[in-house]
Amino acid sequence: MPAITLKRTTSNNPDFKILTTELDADLRLRNGEMMDIYDQHNVIEQIDTVIIAYVDDAPAGCGCFKPYDEEAVEIKRMFVRPEARGNRISTLVLTELEAWAKELGFTATVLETASKQVEAQSVYQKSGYERVANYGPYVDLPYSLCYKKQL
């Protein structure tokens, strides 16, 4: 098993910018023209709650969250590089994001993923997330699946 470390950082981190650029390319490859609609929801403004996973000191995965309402945060930009998959990195990042949100006083997390992201759906379901009605900008998007978890 490789050495995996997690780092709390911000969206200004150069490794996060590289990883999210790779995420956007991966989503475009998987989802094609559907991303013309979804890209607008993936814009990251300044976020101070970013986790980067490193494998043997190389950036391998990431995720972040932003406030959704007074009680919940929204998990965003979850990604693991293809060569690093299979090492539970997404679960480690997600668990750390949840712990950080809880430290900040939030009691729940919400997130959205596309119906074609079957690996992501599996991670979220195994991590205790339950399907909920599509929220906010995803209400009328047929390929969106929304989830929630109480912390």
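Our structure is the block above this text.
Scoring rules and cut-offs
- Residues numbered from 1 in each chain as written.
- Predicted model: local features only at pLDDT ≥ 70, side-chain atom pairs only at ≥ 80, totals over all residues.
- Heavy atoms only, no water.
- Phe/Tyr/Trp six-rings, centres within 6.5 Å; stacked < 30°, edge-to-face > 60°.
- Helix = DSSP H or I, 4+ residues; strand = E, 2+ residues; numbered from the N terminus.
- Buried < 20%, exposed > 50% of the residue type's maximum accessible area, 1.4 Å probe, protein only.
- Disulfide = S-S within 2.5 Å.
- Core = buried A, V, L, I, M, F, W, Y, C linked by side-chain atoms within 4.5 Å.
- Contact = heavy atoms within 4.5 Å.
- Pairing = 2+ DSSP bridges.
- Arc of directions from axis to C-beta.

**Student:** Provide a residue-level description of the packing of aromatic side chains, including the pertinent values.
**Tutor:** In this structure the tally under the stated criterion is five aromatic pairs. Ring plane angle 70 degrees and centroid distance 5.0 Å describe the contact between Y68 and Y135, whose orientation is recorded as edge-to-face. In this pair, Y68 sits in the loop between β3 (58-67) and β4 (72-80) while Y135 sits in the loop between β6 (130-132) and β7 (144-150), placing the two residues 67 residues apart along the sequence. A relative accessible area of 36% means that Y68 is categorised as partly exposed. Among the aromatic residues, those joined into a ring-pair cluster are Y68, Y135 and Y138.

**Student:** Which residues make up the state of the cysteines, and what values do they have?
**Tutor:** Tallied over the entire structure, the rule returns zero disulfides. C64 takes part in no disulfide bond, and the closest cysteine sulfur, belonging to C62, lies 7.3 Å away.

**Student:** Which residues make up unusual backbone geometry, and what are the values?
**Tutor:** Positive phi values are uncommon outside glycine, yet D57 reaches one of about 70 degrees. Looking at the element boundaries, D57 is found in the loop between β2 (50-55) and β3. Even without being a glycine, R77 presents a positive backbone phi close to 55 degrees. If you trace the backbone, R77 turns up in strand β4. On the basis of relative accessibility, which here comes to 5%, the residue R77 falls in the buried class.

**Student:** Please provide a residue-by-residue account of the nonpolar core, values included.
**Tutor:** Core analysis: the biggest nonpolar cluster contains 23 residues, and I75 and I89 have the highest contact counts within it. Only β2, β3, β4, α3 (89-103), α4 (118-126) and β7 provide two or more residues apiece to this core. No other element matches α3, which puts six residues into this core. Look past the residues within four positions of I89 in its chain and what remains in contact with it is I4, A53, V55, A60, G61, V80 and A84. In terms of nonpolar packing, the next biggest core, distinct from the first, is built from eleven residues, F16, V50, I52 and Y54 among them.

**Student:** Describe in detail the pairing of β4, supporting the description with residues and values.
**Tutor:** Most of β4 is tucked away: nine of the nine residues are buried. Examined bridge by bridge, β3 and β4 share six bridges and lie antiparallel to one another. Within β4, the residue paired with C62 across the bridge is F79. With four bridges joining them, β4 and strand β5 (residues 108-114) adopt parallel strand pairing. In the strand pairing of β5, E74 is matched with V110.

**Student:** Lay out α4 with the relevant residues and their values.
**Tutor:** Regarding α4, the residues found buried are Q121, V123 and Y124. Take α4 and look down its axis: the buried residues cluster within an arc of 165 degrees, on one side only. Opposite its buried face, α4 presents the exposed residues V118 and K126, each directed more than 90 degrees away. Each element contacted by the buried residues of α4 is listed here: β4, α3, β5 and β7. Count one or two residues on from α4 and you reach G128, which has phi positive near 95 degrees.

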